[in-house]
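# Coordinate inspection notes
Here is what each chain is made of, one letter per residue.
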Amino acid sequence: MPASSSALRFLVAESEPPEARESRRESVGRSSGETYLDTLLSLAPGVECHRIKPADAGAGLPAGASLEGYDGVFLTGSPLHLYKETPETRRTVEFMRAVFASGTPSFGSCAGLQVAAVAAGGTVRPNLRGYEAGFARRITLTEQGRGHPLLVGRPAAYDAPAVHTDEVETLPEGAVLLAGNRVTAVQAAEIRFDAGVFWGVQYHPELGLDEVAGALRRQADSLLDAGLARSQGEVEAYAGQVDALHREPRRRDLAWQLGLDEQVTDAAKRLTELRNFIGALGRERGA
């Protein structure tokens, strides 16, 4: 059941291991969970937000809290590989199964979608068609996606911030594929399992372009290994353009050079899925 207080209550589950968390802070000043907190507070002023780290040993909910006491749970991105059996992946998947069992609606991006898929019986693998780095291009709605409330406001095809080396291989039984593209077949999905429902995307609607640039810089060696750039200088030049577009989102020259439109450059449009999910929670609370 939703919380009884007037303000919505959100729980952000950050599954980044500690070293990845600190590396991200050094790069852009925020961990993935802290980015989510900032984004949620901007979209829903007055919301009560808590952050936990389910991949960490000994992590738990805030004192006196229960999953049923939250209106929504948000799963962040993470460098964890869900096809590898580690204490961190086990703890994260067990947490997600508890979210499903609680009946609390949940949303996740990137690894968040992968965690939900595995928790409900699906599988994850390394990207077969290569590294999707910077932006996922030409994400296309499925027939079910065109009518789904998660994607209201998205055109038939769009781009979005994305940085991932893994992908959902098979969705759980009964899941609904909402969007995909040439590189990653599962870009958005609804997963129902146990008592819960999850809406998720493989891309990152929560990220500002400065954080996309930071991710490219952090992963420069991997981009070179993947053949996406030939030198550190090329990575830096591309990241610099993304950073400049963050500072001046109306610069048509940069948008043209990067091949981006308002679905990425306009923050309101970039946040579409999160806004839609929060709106659905608010309607449920008011029902």
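Cut-offs used in this document
- Sequence order as written defines the numbering, with residues in each chain counted from 1.
- At least 70 in pLDDT is required for a residue's local features to be given in this predicted model, at least 80 for side-chain atom pairs to be given and counted, and no such filter applies to totals for whole chains, interfaces and linings, which use all residues.
- To get the side-chain values, all heavy atoms of the structure are used, and hydrogens and water are removed first.
- Helix and strand assignments follow DSSP, with helices taken as H or I runs no shorter than four residues and strands as E runs no shorter than two, numbered in order from the N terminus.
- C-alpha atoms define the radius of gyration, and 2.2 Å times the number of residues to the power 0.38 defines the globule rule.
- Relative accessible area decides the class of each residue, using a 1.4 Å probe on protein chains only: under 20% of the type maximum gives buried, over 50% gives exposed, and in between gives partly exposed.
- Contacts are assigned to residue pairs that have any heavy atoms within 4.5 Å of one another.
- When charges are counted, Lys and Arg contribute as positive and Asp and Glu as negative, whereas His and the chain ends are disregarded.
- Every charge is mapped onto a representative atom, which is NZ of Lys, CZ of Arg, CG of Asp or CD of Glu.
- Definition of nonpolar core: a set of buried residues of the types Ala, Val, Leu, Ile, Met, Phe, Trp, Tyr and Cys, connected through side-chain atoms within 4.5 Å.
- Paired strands are those between which DSSP finds at least two bridges.
- Fitting a line to C-alpha atoms yields each axis, with helices limited to the stretch in contact; the angle taken between N-to-C directions then spans 0 to 180 degrees.
- For classification purposes, an angle smaller than 35 degrees is called roughly parallel, one larger than 145 roughly antiparallel, one from 65 to 115 roughly perpendicular, and anything else oblique.
- Take the far helix as the reference: if the near one is turned anticlockwise from it by less than a right angle, the crossing is left-handed, and if turned clockwise, right-handed.
- Gly counts as polar in this scheme, as do all residues outside two lists: the nonpolar Ala, Val, Leu, Ile, Met, Phe, Trp, Tyr, Cys and Pro, and the charged Asp, Glu, Lys and Arg.
- One less than the number of residues in a helix, times 1.5 Å, gives the span that helix is expected to have.
- The score called pLDDT rates the predictor's confidence residue by residue, from a low of 0 to a high of 100.
- Two aromatic rings from Phe, Tyr or Trp, using only the six-membered ring of Trp, form a pair when their centres are within 6.5 Å; if the ring planes differ by under 30 degrees the pair is stacked, by over 60 it is edge-to-face, and anything between is tilted.

Helix and strand counts for the protein chain come out as twelve helices and eleven strands. Against the globule reference of 19 Å for 287 residues, the protein chain gives a C-alpha radius of gyration of 18 Å, in line with a compact fold. Along the first, second and third principal axes, the C-alpha set of the protein chain runs to 50 × 40 × 35 Å. The burial tally for the protein chain puts 54% of its 287 residues in the buried class. Of the contacts formed within the protein chain by residues at least 6 apart in sequence, a portion of 72% connects residues at least 24 apart. Averaging the locations of the 31 positively and 38 negatively charged side chains of the protein chain gives two centres separated by 3 Å.

By the secondary structure assignment, Pro 17 is in the loop between strand S1 (9–13) and helix H1 (18–28). Accessibility expressed as a relative area gives 10% for Pro 17, which makes it buried.

Quick look at the side chain of Ser 32 now. Examined against the element boundaries, Ser 32 turns out to sit in helix H2 (residues 32–43). For Ser 32, a relative accessible area of 7% translates into the label buried. For Ser 32, the contacting residues outside a window of four places in its chain are Glu 14, Glu 16, Arg 24, Thr 76 and Gly 77.

Here we come to the nonpolar core. Among soluble globular proteins, nonpolar side chains are generally buried collectively. Counting 32 residues, the largest nonpolar core has Phe 10, Leu 40, Phe 74, Phe 107, Leu 151 and Tyr 203 as its most contacted members. Those residues in contact with Tyr 203, other than ones at most four positions away along the chain, are Ser 109, Cys 110, Ile 139, Leu 151, Arg 154, Tyr 158, Ala 160, Pro 161, Ala 162, Gln 187 and Glu 273.

Moving on, we get to the sheet that holds strand S9 (residues 176–180). With respect to topology, nine strands assemble into an open sheet ordered S2-S1-S3-S4-S11-S10-S9-S6-S7, the strand pairing being mixed. Of all the strands in the sheet, just strand S2 (48–52) and strand S7 (157–164) have a single pairing partner and so form its edges. Across the sheet, the mean angle from the axis of one strand to that of its neighbour is 25°, orientation sign disregarded. Pairing analysis gives five bridges linking S1 to S2, with the strands arranged parallel. The residue bridging Leu 11 from the neighbouring strand is His 50, located in S2. Here H2 sits on the sheet in contact with S1, S2, strand S3 (72–75) and strand S4 (106–109), set at roughly 170° to S2.

Another aspect to go through is the packing of H2 against helix H12 (residues 272–286). Between H2 and H12, the shortest axis-to-axis distance is 11 Å and the interhelical angle comes to 60°. It follows from the interaxial angle that H2 and H12 lie oblique. For H2 against H12, the interelement crossing comes out right-handed. Here Tyr 36, Thr 39, Leu 40 and Leu 43 of H2 lie close against H12, whose contacting residues are Leu 274, Arg 275 and Ile 278. The residue makeup of the contact of H2 with H12, split by class, is five nonpolar, one polar and one charged.

Another aspect to go through is helix H8 (residues 232–247). Its 16 residues give H8 an end-to-end C-alpha distance of 22 Å, which sits within 8% of 22 Å, the value for a rise of 1.5 Å per residue. Within H8 the residues assigned to the buried category are Val 235, Ala 239, Val 242, Asp 243, Ala 244 and Leu 245. Buried residues in H8 make contact with strand S6 (132–141), helix H6 (209–218), helix H7 (220–225), helix H9 (252–258) and helix H10 (262–265).

The next point concerns the confidence of the model for the protein chain. Interpretation of the predicted coordinates at a detailed level should be avoided for regions scoring low in pLDDT. Model confidence for the protein chain is summarised by a mean pLDDT of 95, while 98% of its residues fall at 70 or above. Of the regions scoring below 50 in pLDDT, residues 1–5 engages in ten contacts with residues more than four places distant in sequence or in other chains.

Next up on the list: H2. Note: α-helices contain 3.6 residues per turn, so residues at a spacing of three or four share the same orientation. The first and last C-alpha atoms of H2 sit 17 Å apart over twelve residues, in line with the 16 Å expected at 1.5 Å per residue. Within H2, the full set of buried residues consists of Ser 32, Gly 33, Glu 34, Thr 35, Tyr 36, Leu 37, Thr 39 and Leu 40.

Turning to the packing of aromatic side chains, a few remarks are in order. On inspection of all chains with the given rule, the structure shows eight aromatic pairs. Aromatic side chains Tyr 36 and Phe 74 sit 6.2 Å apart centroid to centroid with 45° between the ring planes, which places their arrangement in the tilted category. Taken as a pair, Tyr 36 in helix H2 and Phe 74 in strand S3 lie far apart in primary sequence, 38 residues in all. A single burial state applies to Tyr 36 and to Phe 74, both of which are buried. Geometrically, the ring pair formed by Phe 74 and Phe 277 is edge-to-face, given 5.4 Å between the ring centres and 90° between the ring planes. Of the two residues, Phe 74 is situated in strand S3 and Phe 277 in helix H12; the sequence distance between them amounts to 203 residues. A single burial state applies to Phe 74 and to Phe 277, both of which are buried.

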